[in-house]
Amino acid sequence: MPKYYEDKEEDGRACGGVREDLRQCLLESPCVLRENKSPKQCLKEGHCRSLQMTFFACKRSMVSLSSVFSFASIL
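A brief report on the enclosed structure follows. The structure displayed is predicted, hence computed values, not measured ones. (Residues numbered from 1 in each chain as written. Predicted model: local features only at pLDDT ≥ 70, side-chain atom pairs only at ≥ 80, totals over all residues. Heavy atoms only, no water.)

1. Points about unusual backbone geometry
Negative phi characterises most residues that are not glycine, and trans characterises most peptide bonds.
(1) Moving on: Although it is not a glycine, Asn 36 adopts a positive phi angle of roughly 55 degrees.
(2) Moving on: Looking at the secondary structure, you find Asn 36 in the loop between helix 2 (30-33) and helix 3 (39-44).
(3) Moving on: With relative accessibility at 65%, the residue Asn 36 sits in the exposed group.
(4) Moving on: Located in the positive-phi region is Cys 48, a residue other than glycine, with phi close to 55 degrees.
(5) Moving on: Relative to the helices and strands, Cys 48 is located in the loop between helix 3 and helix 4 (49-74).
(6) Moving on: A residue is classified by how much of its surface remains accessible, and Cys 48, at 14% relative accessible area, is buried. (Helix = DSSP H or I, 4+ residues; strand = E, 2+ residues; numbered from the N terminus. Buried < 20%, exposed > 50% of the residue type's maximum accessible area, 1.4 Å probe, protein only.)

Below you can see the structure in the form of C-alpha cells.
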C-alpha cells in the first residue's frame, strides 16, 4: 500500500498523495543520501521512475478532464 495512506494530512492538491510518495522516494534514495545530489538531479537520472510515471499519469488525467469540461461549456 502506498505510504500516503498512513497517518498523513490531506494535501488538497491534485495527485497530492503520489506527489508525497515521489518526494519521499527521492529524499530516501541512495542518489540523494550517498551521492549528495539534488532530488531534481536524481529524478532526471531516472530514480523513482515508477512513481514519476504514476504522478505524470495522474496530472495528465486532470488536464484531460478539465479540457473535456471546457469543451462541454462551449457547446
